[in-house]
Amino acid sequence: MNKLLSIIVPAYNEEGMVSIAAGEISRIIGQAKIPFEILFVDDGSKDGTWQDIKKAAEENEHIYGIRFSRNFGKESAMFAGLGYAKGDCCVLIDCDLQHPVEKIIEMYHLWEQGYEVVEGIKTNRGKENPFHALAAKMFYAMISKASKIDMSNASDFKLLDRKVVDVLLTMKERNAFFRALSSWVGFKSTTVEFEVRERVMGTSKWSAKALSKYALTNISSFSTAPMQIVTILGVMMLLASLVLGAIALYQKLTGLALDGFTTVILIQLFSGSIMMISLGIIGYYIARIYDEIKERPRYIVAESCGEKHDEK
Ligand code: UDP
Ligand code: MG
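Predicted, not measured: the structure shown is a model, and the values here were computed from it. Residue numbers restart at each chain and count upward from 1, following the sequence in its written direction. The naming scheme follows written order: chains are lettered A onward, ligands numbered 1 onward. Side-chain atom pairs in this predicted model are given and counted only at pLDDT of 80 or more, local residue features only at pLDDT of at least 70, and totals for whole chains, interfaces and linings cover all residues. Water and hydrogen atoms were dropped before computing side-chain values, which therefore reflect all heavy atoms in the structure.

**Q** Quick question: what am I supposed to make of the pairing of strand S4 (residues 89-92) here?
**A** The side chains of a regular strand alternate, first on one face of the sheet and then on the other. Only protein chains enter the accessibility calculation, which uses a 1.4 Å probe; a residue whose area is less than 20% of its type maximum is buried, one above 50% is exposed, and one in between is partly exposed. Labels follow the DSSP assignment, with helices taken as runs of H or I lasting at least four residues and strands as runs of E lasting at least two, numbered in each case from the N terminus. The side-chain alternation of S4 yields two buried faces, one formed by Cys-89 and Val-91 and the other by Cys-90 and Leu-92. When DSSP finds two or more bridges between two strands, those strands count as paired. Bridge count between S4 and strand S6 (residues 154-161): four bridges; the pairing is antiparallel. Bridge pairing links Cys-90 to Leu-160 in S6.

**Q** It is not clear to me how the packing of aromatic side chains should be interpreted in this structure. Could you clarify?
**A** Within 6.5 Å between ring centres, the rings of Phe, Tyr and Trp (the latter by its six-membered ring) count as paired, and their orientation is classed by plane angle as stacked under 30 degrees, edge-to-face over 60, tilted in between. The final tally for this structure, using the stated rule, is five aromatic pairs. Their ring planes at 90° and their centres at 5.6 Å tell us that Phe-68 and Phe-72 sit as a pair that is edge-to-face. Looking at Phe-72, the relative accessible area reads 16%, which means it is buried. Ring geometry for Phe-157 and Phe-194: centres 5.2 Å apart, planes at 90°, overall edge-to-face. Of the two residues, Phe-157 is situated in strand S6 and Phe-194 in strand S7 (residues 189-194); the sequence distance between them amounts to 37 residues. Note on Phe-157: relative accessible area 0%, which makes it buried. Cluster of aromatic residues (ring-pair linked, three or more members): Phe-68, Phe-72 and Tyr-299. Placement of a charge over a ring requires the Lys NZ or Arg CZ to be within 6 Å of the ring centre, with the centre-to-atom vector within 35 degrees of the ring normal. The aromatic ring of Phe-72 is capped on one face by Arg-70, whose charged end is 3.8 Å from the ring centroid.

**Q** Help me understand the environment of Lys-148, please; the structure alone is not making it clear to me.
**A** Counting through the fold element by element, Lys-148 comes out in the loop between helix H5 (130-147) and S6. Separated by 32 residues in the primary sequence, Lys-148 and Ala-180 place their C-alpha atoms 9.6 Å from one another.

**Q** I tried to follow the sheet that holds strand S8 (residues 301-305) on my own but got confused; where do I start?
**A** Note on sheets: strands pair through backbone hydrogen bonds, and any given pair is parallel or antiparallel. Strand order in the open sheet formed by eight strands is S7-S5-S6-S4-S1-S2-S3-S8, and the pairing between neighbours is mixed. Across the chains shown, the open sheet's two edge strands, defined by having one partner strand only, are S7 and S8. Ignoring which end each strand starts from, the neighbouring axes of this sheet average 20° apart. Pairing of strand S1 (residues 5-11) with S4, which is carried by four bridges, proceeds in the parallel orientation. Of the residues in S4, the one forming a bridge with Ile-7 is Val-91. Two residues form a contact once any of their heavy atoms are found within 4.5 Å. To define axes, lines are fitted to C-alpha atoms, for helices over the stretch in contact only, and angles between the resulting N-to-C directions are given on a 0 to 180 degree scale. In the packing of helix H4 (residues 102-112) onto the sheet, contacts are made with S1, S4, strand S5 (117-122), S6 and S7, and the angle to S6 comes to roughly 45°.

**Q** What exactly am I supposed to notice about unusual backbone geometry here?
**A** For residues other than glycine, phi is negative in most cases, and the peptide bonds are mostly trans. A positive phi angle, close to 60°, is found at Lys-33, a residue other than glycine. Within the secondary structure, Lys-33 is located in the loop between helix H1 (17-31) and strand S2 (36-42). In this structure Lys-33 comes out as exposed when scored by relative accessible area, which is 64%. Backbone geometry places Phe-187, a non-glycine residue, at a positive phi of 70°. Take Phe-187: it is sitting in the loop between helix H7 (178-184) and S7.

**Q** Got a minute to help me understand the coordination of the magnesium ion (ligand 2) in this structure?
**A** Under ideal tetrahedral coordination, the four donors around a metal are separated by 109.5 degrees; under ideal octahedral coordination, the six donors are separated by 90 or 180 degrees. Donor atoms from the polypeptide that bind the magnesium ion (ligand 2) are Asp-96 (OD) and Gln-98 (OE1), placed at 1.8 to 1.9 Å. The exposure class assigned to Gln-98 is partly exposed, which follows from its relative accessible area of 21%. We call an atom a donor if it is N, O or S and sits within 2.8 Å of the metal, or 3.2 Å for Na, K and Ca. Water is not counted, so some sites may look partial.

**Q** Help me understand H1 in this model?
**A** Quick reminder: α-helices carry 3.6 residues per turn. Residues three or four places apart thus point the same way. Helix span, expected: 1.5 Å multiplied by one less than the number of residues in the helix. In this model H1 runs 21 Å from its N-terminal to its C-terminal C-alpha over 15 residues, within 8% of the 21 Å that 1.5 Å per residue would give. Residues Met-17, Val-18, Ala-21, Ala-22, Ile-25, Ser-26, Ile-28 and Ile-29 constitute the buried set of H1. Backbone geometry just downstream of H1 places Lys-33 in the positive-phi region, at approximately 60°.

As structure tokens, then:
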């Protein structure tokens, strides 16, 4: 007996792409005779994405859609999809078809063989500008070290068993870093390699600002390393001041004490900057704690379309 597969598609300003993605997914998964449903999560789009989703849901009984009250980000959209999915396993895929739909079938068969997490691994990174590529490389190097999971080729394209989905849904973190969280939970996992395609239409939703924010939040949610760096800097600073202090004292005692202003100024600048950095980093973590304790919902659903689904 084949089991239900939920395909979750976060969509933000993907007008035009929705119907293409819906058609492509239905055709390929339908041909493979896998029972499926498609959940579109409209992440507060400003264009006609929601109209497209409603239309797709009317034409195709496999489609269900929810619309957020505003843009909450892709991570929240993925969580919402998991919360509403009915499937025995869920696949997360981008709306722009950069993730090859045929690979879902391979993932599903691996799941049938008993794997509970099937991660999509990129064999290339698609077309990116060099600045973006370098920033991404640095971010993944840091996050891989912090989470002790190799994330350099990780993607959000993955299949999760119902068990894993239920575990993820119990996690209370508001600022969850989805990609790392799905490996963090453990379970029997395997990988499927895929080639990142070019976007069929539209543009990438990531601005440089959005990307740096994404990187900072995710590094701080998976590691306290930045706070430890501060401690190390502080110790180094202390050692430096001990040496400088000894020299200054020696000069004073031997009557060699010159103006000494240079040292004073240097120390002032140096310690001042380290303190400011530390305060900044600590402030950043406090802000994160503040965000988490408010326990606001990850997303707010404004409306839905298609056959009724309940939120878990
Ligand atoms: N997306 C989203 N909310 C956002 C930004 C993006 O739901 O705030 C969706 C988007 O519609 C797409 C997927 O996330 O389905 C990947 O986005 P995009 O293609 O812009 O990212 P890239 O492929 O450039 O990393
Ligand atoms: Mg894309």
